[in-house]
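One-letter residues, chain by chain:
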Amino acid sequence: ASLDRGAYDALVCVSGDGTLSEVLNGLMSRTDASAALSSLALGTIPAGTGNSLSCSVLRGAGQPIDCLSAALLIVKRHAHQLDIWKVTQEHG
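First, a word on scope: everything that follows refers to the structure included in this document.

Conventions we followed
- Every chain is numbered independently, its residues counted from 1 as its sequence is written.
- Residue-level local features of this predicted model are given only where pLDDT is at least 70; pairs of side-chain atoms are given and counted only at 80 or more, and the full residue set underlies all totals for whole chains, interfaces and linings.
- Side-chain metrics in this entry use all non-hydrogen atoms of the structure; hydrogen atoms and water are not considered.
- Put simply, DSSP marks the helices as runs of H or I at least four residues long and the strands as runs of E at least two long, and each gets a number from the N terminus on.
- Every definition here rests on a 1 Å grid over the protein atoms only: cavities are sets of points where a 1.4 Å probe fits but cannot get out, pockets are open sets enclosed by protein on both sides within 12 Å along at least five of seven lines, and lining residues have some atom within 4 Å of a point.
- Grid points are joined across faces, edges and corners, and a volume is the space filled by probe spheres set on the points.
- Residue type decides the class: Asp, Glu, Lys and Arg count as charged, Ala, Val, Leu, Ile, Met, Phe, Trp, Tyr, Cys and Pro as nonpolar, and the leftover types, Gly among them, as polar.
- Whether two residues touch is decided by their heavy atoms; if any such pair falls within 4.5 Å, the residues are in contact.

A few words now on the environment of R77. Relative to the assigned elements, R77 resides in the segment after α4 (67-75). Remark: the alpha-carbon pair of R77 and P46, spanning 31 residues in sequence, is separated by 17 Å.

Before going further, it helps to spend a moment on the layout of surface pockets. A probe matching the size of a water molecule, rolled over the atoms, marks out where space remains unfilled. One number sums up the size of the largest pocket: a volume of about 1,100 Å³. Within the residue set of the lining of the largest pocket, elements represented by two or more residues are α1 (17-28), α2 (33-39), β2 (41-46), α3 (52-60) and α4. The element contributing the most residues to the lining of the largest pocket is α1, with six residues. Partitioning the lining of the largest pocket into residue classes produces 18 nonpolar, ten polar and three charged.

The next point concerns the environment of G50. By the element assignment, G50 lies in the loop between β2 and α3. Sequence separation of G50 and D17 is 33 residues, and the distance between their C-alpha atoms is 7.3 Å. Apart from residues no more than four positions distant in its own chain, G50 is found in contact with D17 and C55.

In structure tokens:
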């Protein structure tokens, strides 16, 4: 599937860490990955089992760990930059 990144300001996942990871992998596989990742804000509302990324962001913002607090931070456009790295290996 394709996404016209210019048509959106943000992408919000209501999920756990696995779905957010899949979304990031999809964005990183685009030919315009660098531009897409730098221009599209990502938000996450904790709805999985562990929710470690949501927990880290919410704790860092001094907020309780719940869906309402996460949604409020997204609406307020709270930004928390994260480093992303990619590892590839040859099959063989």
